[in-house]
Amino acid sequence: MDESRSRMTKDGIRIYEAEDFAGMHRAGELAARILDDIAAAVFPGQTTGEIDRLIEEMVDAAGAKSATIGYKGYKHASCISVNHVVCHGIPGSKLLKDGDILNIDVTVIVDGWFGDSSRMYVAGKLSRKAERLIQVTHDALFKGIEAVRPGRTFGDIGAAIQAYVESQRMSVVRDFCGHGLGRVFHAPPNVLHYGRPGTGAVLEEGMFFTIEPMVNLGRPETKVLADDWTAVTRDKSLSAQFEHSVGVTADGVDIFTLSPGGKFHPTWG
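All of these numbers come straight from a predicted model, not from anything done at the bench. (Residues numbered from 1 in each chain as written. Predicted model: local features only at pLDDT ≥ 70, side-chain atom pairs only at ≥ 80, totals over all residues. Heavy atoms only, no water.)

Caption draft 1: Geometry of the overall build of the protein chain. Secondary structure summary: the protein chain contains four helices and 17 strands in total. Compactness check: the protein chain gives a C-alpha radius of gyration of 17 Å against a globular reference of 18 Å for 269 residues, within 12% of the reference. With the principal axes as the frame, the protein chain shows a C-alpha extent of 50 × 45 × 35 Å. In the protein chain, which comprises 269 residues, the share counted as buried stands at 54%. Residue pairs at least 24 apart in sequence account for 70% of intrachain contacts in the protein chain once pairs closer than 6 positions are excluded. About 11,300 Å² of surface is accessible on the protein chain, with carbon and sulfur atoms providing 51% of the total. Here the protein chain carries 29 positive and 35 negative side-chain charges, and the mean point of each set is 6 Å from the other. (Helix = DSSP H or I, 4+ residues; strand = E, 2+ residues; numbered from the N terminus. Rg over C-alpha atoms; globule rule 2.2 N^0.38 Å. Buried < 20%, exposed > 50% of the residue type's maximum accessible area, 1.4 Å probe, protein only. Contact = heavy atoms within 4.5 Å. Areas by Shrake-Rupley, 256 points an atom, 1.4 Å probe, with all protein chains shown as cover. Lys, Arg positive; Asp, Glu negative; His and termini not counted. Charge placed at Lys NZ, Arg CZ, Asp CG, Glu CD.)

Caption draft 2: Region of interest: the packing of aromatic side chains. Scanning the entire structure with this criterion turns up eleven aromatic pairs. On the basis of an interplanar angle of 65° and a centroid distance of 5.8 Å, the ring pair of Phe 21 and Phe 256 is categorised as edge-to-face. Within this pair, whereas Phe 21 is found in helix H1 (residues 20-37), its partner Phe 256 is found in the segment after strand S17 (253-255), the two being separated by 235 residues in sequence. Among the residues examined, Phe 21 registers a relative accessible area of 12% and is labelled buried. The interplanar angle of 65° and the centroid separation of 4.9 Å between the aromatic rings of Tyr 74 and Trp 229 together place this pair among those described as edge-to-face. Separated by 155 residues along the polypeptide, Tyr 74 in the loop between strand S3 (65-66) and strand S4 (79-82) and Trp 229 in the loop between strand S13 (222-224) and strand S14 (231-233) bring together distant segments of the chain. (Phe/Tyr/Trp six-rings, centres within 6.5 Å; stacked < 30°, edge-to-face > 60°.)

Caption draft 3: A look at the nonpolar core. Counting 36 residues, the largest nonpolar core has Ile 101, Phe 154, Ile 157, Phe 209 and Ile 211 as its most contacted members. Every element with two or more residues in this core is listed here: strand S7 (113-122), helix H3 (128-146), helix H4 (154-167), strand S11 (208-211) and strand S16 (244-248). In terms of residue count, H3 provides more of this core than any other element does, seven residues in total. The residues touching Phe 154, leaving out its near neighbours within four places in the chain, are Ile 13, Pro 189, Val 191, Thr 199, Ala 201, Leu 203, Met 207 and Phe 209. (Core = buried A, V, L, I, M, F, W, Y, C linked by side-chain atoms within 4.5 Å.)

Caption draft 4: Inspection of the sheet that holds S14 at higher detail. The strand order across the open sheet built from three strands is S5-S14-S13, with neighbouring strands paired in antiparallel fashion. Each edge of the open sheet carries a strand with a single partner, namely strand S5 (85-87) and S13. On average, each strand axis in the sheet is inclined to that of its neighbour by 40°, with strand direction left out of account. (Pairing = 2+ DSSP bridges. Axes fitted to C-alpha atoms, helices over the stretch in contact; angles between N-to-C directions.)

Caption draft 5: Examining the layout of surface pockets more closely. Its boundaries defined by the atoms lining it, the largest pocket holds a volume of some 460 Å³. Lining the largest pocket are 23 residues, with Tyr 71, His 88, His 179, Phe 185 and His 186 sitting closest to its centre. Of all elements in the fold, only strand S6 (101-110) and strand S9 (178-180) reach the threshold of two or more residues within the lining of the largest pocket. For the lining of the largest pocket, the residue count by class is nine nonpolar, nine polar and five charged. (1 Å grid on protein atoms, 1.4 Å probe; cavity = no way out; pocket = protein on both sides within 12 Å on 5 of 7 lines; lining within 4 Å. Points joined across faces, edges and corners; volume = space filled by probe spheres on them. Nonpolar A, V, L, I, M, F, W, Y, C, P; charged D, E, K, R; others polar.)

Caption draft 6: Structural view of the pairing of S6. Of all ten residues that make up S6, nine are buried, and the element is covered over most of its length. Pairing of S3 with S6, which is carried by two bridges, proceeds in the antiparallel orientation. In the strand pairing of S6, Ser 66 is matched with Val 108. Across four bridges, the pairing between S4 and S6 is antiparallel. Considered in S6, the bridge of Cys 79 is made with Asp 105.

Caption draft 7: How the structure looks around the sheet that holds strand S8 (residues 171-172). The strand order across the open sheet formed by three strands is S8-S12-S15, and the pairing between neighbours is antiparallel. Strands at the two margins of the open sheet, each flanked by one partner only, are S8 and strand S15 (239-241). Set on the sheet, H3 makes contact with strand S12 (214-216) and S15; between it and S15 the angle comes to about 35°.

Caption draft 8: Focus on the pattern of salt bridges. Per the counting criterion, the structure on display carries twelve salt bridges. Note that Glu 57 and Arg 53 form a salt bridge whose closest N and O atoms lie 2.6 Å from each other. Highlighted residues: Glu 57 and Arg 53, both in helix H2 (residues 48-61), separated by four residues, approximately one helical turn. Overall, Glu 57 belongs to the partly exposed group, its relative accessible area being 44%. (Salt bridge = Lys/Arg side-chain N within 4 Å of Asp/Glu carboxyl O.)

Caption draft 9: Summary view of the environment of Ile 161. For Ile 161, the position within the fold is in helix H4. Sequence spacing of Ile 161 and Thr 267 is 106 residues, and the spatial spacing of their C-alpha atoms is 22 Å. Here Ile 161 is in contact with Ala 140, Gly 144, Val 172, His 193, Ile 211 and Pro 213, once residues within four sequence places are set aside.

Laid out in structure tokens, this is it:
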């Protein structure tokens, strides 16, 4: 893509060309395929470090690059967030236990385009309360995606997510949000997962961004641990997250990170 041919909105959001959607699909498809394939490596007794090692191998085998290795000093090809970890969990020697739920977040670079997605997994048997949390978070993401079309606003996306989650007596995390992407990892806008309809920047065809709601069974407050990465729920309640990268089309939305194998939800099997 010739960056000089794209334009920026008054809010600093880049508007991409029609041909740029193909690049985002290639990057998004790889991220989604890796998340499909890694499902077999999630089981009780496995370490999050081994899962990450396998992901790095998959990225390398595809001839792509990991966007997270080296990003602000981060050393891993994924973030793996277990149970009450909200996001940015660092892979390591932690052994998964039966019933653990985890979010695996992968971002790859393919021909200069960034593909960013995350989804939930379960090690062993899923508890009823965790199953409900995962389902609500999954459905909240798609409530947000359904709000995407030209002329709507980013506030409409957040409001749709917040209204649904709170109707299920769960809470939306306020401390982290989605983001613009494309030829860069993070760019305007900040995509909040709460808000009021009709507020925020107006959606235009050619905008690329992530929607990635984090939902807690308890209260929404989080704290970041001493490693400066790992964010956890303050009340130690379970947390879940799903993420897609999307583009605004002339009449709606294009999801770049759809699962090739239909495995986006952890109960697909």
